[in-house]
Amino acid sequence: MHRTTLLSVVVSVGLLAASAACAQDKKAPAMTPEMQAQMEAYQKAGTPGIEHGKLAAMAGNYDLTVKSWYAPGAPPSSDPGTATRRMILGNRVLVEEVTSSMMGQPFTGQGLHGFDNVTGKYWATWNDSMSTGVMLSEGTCDAQLACTYTGAHHDPVTKKPQTSRMTSRWTDKSTEVFEMYGPGPDGKEVKMMEITYKKRP
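Numbering of residues starts from 1 in each chain and follows the order in which that chain's sequence is written. A pLDDT threshold of at least 70 governs which residues receive local features in this predicted model, and a stricter bar of 80 or more applies before side-chain atom pairs are shown or counted, although totals over entire chains, interfaces and linings include all residues. Excluding hydrogens and water, the side-chain figures rest on all heavy atoms present in the structure.

Would you take a moment to explain the pairing of strand β7 (residues 147-154) for this structure?
Along a regular strand, successive side chains alternate from one face of the sheet to the other. The pairing criterion for strands is at least two bridges between them, as found by DSSP. Starting at the N terminus, helices and strands are each numbered in turn, a helix being any DSSP run of H or I of at least four residues and a strand any DSSP run of E of at least two. Sheet analysis places strand β6 (residues 135-141) next to β7, joined by six bridges and oriented antiparallel. The residue of β7 that forms the bridge with L136 is A152. Where β6 folds back onto β7 in an antiparallel hairpin, the turn is made up of five residues, including L145, whose phi is positive at roughly 60°. Here β7 folds back onto strand β8 (residues 161-172), and the loop between the two strands holds six residues, one of which, K159, carries a positive phi near 65°.

Okay, here's the thing in structure tokens:
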């Protein structure tokens, strides 16, 4: 969210809360229907729901198998890794911290996963030790948390925005498979990464 937009939201919520407090004073006028509707809209937007409960169920420690394709048609490299997932912000957002290796170098990454009550879509961010940028993604998931996201980041070589498609699915209660696709040298979509998450007991 843009800083100016965030500030306006904070100010609006503060004014609504102050109005609600004043409304409890017999000498102060009650909230108008418009103010009441705004307050209810903010409360609905910020209340964790079923989707956030599904994210919370993913919390835990995982062992990873990370496969990476660096060239079309070439066999993938495979690296082990670990991931820790936990909920923050009153069970509204899932934080994922990953440790692995990539191209022979140590690799760490952090992602945030959430569900926006306003847009009705899941969202995610990703930062890692091989970049100073951020990938922002948005998508949809079904009742079994089979998800499809579209993400964007700036390509280090071209400096232009690059779009990726990501999918995830649970093959059983403790195994999740994540796949990432992006444009190949000819511009056509190719598989770039596959991560198998195995949740520890």
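From this point, things continue past the structure.
Help me out: how do you make sense of the pattern of salt bridges in this one?
Pairing is possible between side chains that carry opposite charge, provided their charged atoms lie close to one another. In what follows, salt bridge is the name for a side-chain nitrogen of Lys or Arg lying within 4 Å of a carboxyl oxygen of Asp or Glu. For the structure on display, the rule yields 10 salt bridges. A salt bridge links E138 to K121, with the nearest nitrogen and oxygen atoms 3.8 Å apart. On the criterion of sequence distance, the pair formed by E138 in strand β6 and K121 in strand β5 (residues 121-128) is long-range, its members being 17 residues apart. Given the relative accessible area of 39%, E138 is considered partly exposed. The classification of residues rests on relative accessible area computed with a 1.4 Å probe and restricted to protein chains. Under 20% of the type maximum is buried, over 50% is exposed, and intermediate values are partly exposed. When its relative accessible area of 35% is taken as the criterion, K121 is described as partly exposed. Among the ionic pairs, E179 bridges to R169, the shortest N-O distance being 3.3 Å. Highlighted residues: E179 in strand β9 (residues 175-183) and R169 in strand β8, separated in sequence by 10 residues. Under the relative-accessibility criterion, R169 is labelled partly exposed at 38%. Linked by salt bridges that have partners in common, R169, E179, K191 and E194 make up one network.

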